[in-house]
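Here is how the chains run, residue by residue.
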Amino acid sequence: MSSKINLLICLFILHLCVAASVTGDKIGIYEIKKGDFSVKVTNYGARVISVLLPDKHGKIGDVVLGYDTIGEYVNDTSSFGAIVGRVANRIGGARFTLNGTLYKLIANDGENTLHGGPKGFSHVVWKVSKYEKEGPRPHITLTYHSADGEEGFPGDLLVSVTYALKDPYKLIVVMKAKALNKATPVNLAQHTYWNLGGHNSGNILSNDIQIFGSHITLLDQHLIPTGEIAPVKNTPYDFLKSRKVGSQFKKLQNGYDINYPLDSTEKMKPVAIVHDKKSGRVMNLKATAPGVQFYTANTLVKKGKGGYVYQPYSALCLETQGFPDAVNHPNFPSTIVTPETSYFHKMLYTFSIKKY
């Protein structure tokens, strides 16, 4: 069985390489760097594959989970570092109705569609349209043309993501999309798995986190929103004041995997602040999206960088995005983009050090 799986993986990689050669694009790894702060990206899935930062002792460490080779990303089922879409998160029943037309998608999460389907944007080759490794504004822009009918979604869609570094220790992510000929749902998310102690430092349960959302979108047993938005007060989901990620785990079935509508009405909304006391690293996230999915890698078991085996709760994800299953809940903020409108989603990560 393993030899057959390996053969399939090799054939898939070969297919990707052929497709890349036809379009003139190659699968590669690109670094953007500013002093001792660097980010590596691959155009396979527009993924962040490493973020190097100093800790409170000045030691440089990689704070995102991932793999050593592109081949491992091809076989990845966890969306490590990827831009996920056309619609991030879950769509209940793998279907939705738009302008009177029922669209049936490919189910890849039970009877539901997760992160755009079995391929989505995380398993395609993006084109590198701009790249500046160093200098005053190191950045890379990646683009992708999603065809009408891809994974069941309507209309042609042009998508881009830009990763840029800014002093001091700031990572900017800008996602844009333009519908060319039909209305379509668009909800992109950046799916990096963060561990501020270092990708191989164990679990994140002792990290302190503050989330600037006083409500959650309630879920059914299949993790599909019921449509109800409930307050977090007096529940394990209350992170309005900073506390340890694992402080309420005993009250949960299996960690966190939930959407928080963000409280702020500002354009760039405060999302979350994470602090790893051992390393001293702090991550402060702001974004333009209306919500954030907080996920604690609940079922993760993967052999990652350097052969280190990642276990459940080895990282946390803060996926700023529209609300899950918004296409089937009129009371949620709309995720529909038309040829007359456009999609824009900006994230700002600010990293710093607390030495006490």
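Refer to the structure above for everything that follows.
Summarised in this report is the structure supplied together with it. Residue indices begin from 1 for each chain and proceed along its sequence in written order. Residues qualify for local features only when their pLDDT is at least 70, as the model is predicted, and side-chain atom pairs are given and counted only at 80 or more; totals for whole chains, interfaces and linings, by contrast, use all residues. Hydrogen atoms and water are omitted, and side-chain values are computed over all heavy atoms in the structure.

**Considerations on the sheet that holds strand S2 (residues 37-42)**
Strand pairing within a sheet occurs via backbone hydrogen bonds; the two strands may be parallel or antiparallel. Note: two strands are recorded as paired if DSSP finds a minimum of 2 bridges between them. Segments assigned H or I by DSSP are reported as helices when at least four residues long, segments assigned E as strands when at least two residues long, and all are numbered from the N terminus. The antiparallel open sheet is built from 4 strands, whose spatial order is S1-S2-S3-S4. Looking at strand neighbours, the two that pair on one side only are strand S1 (29-34) and strand S4 (60-62), the edges of this open sheet. Taking the axes of each pair of neighbouring strands and ignoring which way they run, one obtains an average angle of 15 degrees across the sheet. Bridge count for S1 against S2 is 6 bridges, and the pairing is antiparallel. The residue of S2 that forms the bridge with Lys33 is Ser38. Only the stretch in contact is used when a helix axis is fitted, and all axes are lines through C-alpha atoms; the angle between N-to-C directions ranges over 0 to 180 degrees.

**Here's the deal with the nonpolar core**
In this structure, Trp126, Tyr163, Phe294 and Leu318 are the most contacted members of the largest nonpolar core, which totals 61 residues. Residue contacts follow a heavy-atom distance rule, with two residues in contact if any of their heavy atoms lie within 4.5 Å. In this structure, Trp126 is in contact with Asp25, Asn43, Gly45, Ala46, Ile83, Phe121, Leu142, Thr143, Tyr144, Val159, Ser160 and Val161, ignoring residues within four places of it in sequence. Grouped together as the second largest cluster of nonpolar side chains are 15 residues, Ile49, Tyr67, Val125 and Cys317 included. We call a set of buried residues a nonpolar core when its members are Ala, Val, Leu, Ile, Met, Phe, Trp, Tyr or Cys and they connect through side-chain atoms within 4.5 Å of each other. Throughout, exposure labels follow a simple rule: accessible area from a 1.4 Å probe, protein chains only, divided by the maximum for the residue type, with under 20% read as buried, over 50% as exposed, and the rest as partly exposed.

**Description of a positive patch on the surface**
Two distance rules govern patches: like charges are joined within 9 Å, and nonpolar side chains (Val, Leu, Ile, Met, Phe, Trp, Tyr) within 5 Å, applied only to residues with over 30% relative accessible area and no salt bridge. All accessibility values rest on the Shrake-Rupley procedure with a 1.4 Å probe; residue burial counts only the protein chains present in the view. Here a salt bridge means any side-chain nitrogen of Lys or Arg lying within 4 Å of a carboxyl oxygen belonging to Asp or Glu. Just so you know, the count uses Lys and Arg for positive and Asp and Glu for negative, and it drops His and the chain ends. For this purpose, a charge sits on NZ of Lys, CZ of Arg, CG of Asp or CD of Glu. Together, Lys130, Arg137, Lys166 and Lys176 make up a positively charged patch on the protein surface. By the secondary structure assignment, Lys166 is in strand S12 (residues 157-166). Look at Lys166 and you get partly exposed, because its relative accessible area is 47%.

**Some details on the pattern of salt bridges**
Going through the model one piece at a time under the given rule, you end up with 8 salt bridges. For Asp148, the salt bridge is made with Lys182, and the minimal N-O distance between the two is 3.1 Å. Residue Asp148 is located in the loop between strand S11 (139-146) and S12, and its partner Lys182 is located in the loop between strand S13 (170-179) and strand S14 (184-185); the two are separated by 34 residues in the primary sequence. For Asp208, the salt bridge goes to Lys244, with nearest N and O atoms at 4.0 Å.

**Overview of the environment of Val41**
Summarising the element assignment, Val41 is placed in strand S2. The exposure class assigned to Val41 is buried, which follows from its relative accessible area of 1%. Sequence separation between Val41 and Leu98 is 57 residues; the distance between their C-alpha atoms is 35 Å. The contacts of Val41, once residues within four sequence positions are left out, are Gly28, Ile29, Tyr30, Ala46, Arg47, Ile49, Ile140, Leu142 and Tyr163.

**Focus on the packing of aromatic side chains**
Each Phe, Tyr or Trp ring, with Trp reduced to its six-membered ring, pairs with another whose centre is within 6.5 Å; inter-plane angles below 30 degrees give stacked pairs, above 60 give edge-to-face pairs, and intermediate values give tilted ones. This structure, assessed with the given rule, holds 24 aromatic pairs. Seen from their ring centres, Trp126 and Tyr144 are 5.9 Å apart, and the 35 degrees between their planes marks the pair as tilted. Placement of Trp126 in the loop between strand S9 (113-114) and strand S10 (127-132) and of Tyr144 in strand S11 is noted, with a sequence separation of 18 residues between them. With a relative accessible area of 13%, Tyr144 lands in the buried category. Aromatic pair Phe323 and Phe332: ring centres 5.3 Å apart, planes at 75 degrees, arrangement edge-to-face. A single burial state applies to Phe323 and to Phe332, both of which are buried. Distance and angle both matter: a charge sits over a ring if NZ of Lys or CZ of Arg is within 6 Å of the ring centre and within 35 degrees of the ring normal. Above the face of the Phe239 ring, Arg243 is positioned so that its terminal group lies 3.9 Å from the ring centre.

**Overview of the sheet that holds S13**
As summarised here, the arrangement of the 9 strands in space is S10-S11-S12-S13-S28-S22-S21-S16-S19, forming an open sheet in which the pairing is antiparallel. Looking at the sheet topology across the chains shown, the edges are occupied by S10 and strand S19 (243-244).

**Considering unusual backbone geometry**
Here the residue pair Gly85 and Arg86 is connected by a cis peptide bond, since its omega of 10 degrees sits within 30 degrees of zero. Mapped onto the elements of the fold, Arg86 is located in the loop between strand S5 (82-84) and strand S6 (90-91). The omega torsion of the bond from Asp167 to Pro168 falls at -20 degrees, within 30 degrees of zero and hence cis. Tracing the chain through its elements places Pro168 in the loop between S12 and S13. Located in the positive-phi region is Leu223, a residue other than glycine, with phi close to 65 degrees. Inspection of the secondary structure puts Leu223 in the loop between strand S17 (215-219) and strand S18 (225-231). Since its relative accessible area comes to 32%, Leu223 is described here as partly exposed. If you check the backbone angles, Asn234 has positive phi at about 65 degrees while not being a glycine. Residue position: Asn234 is located in the loop between S18 and S19.

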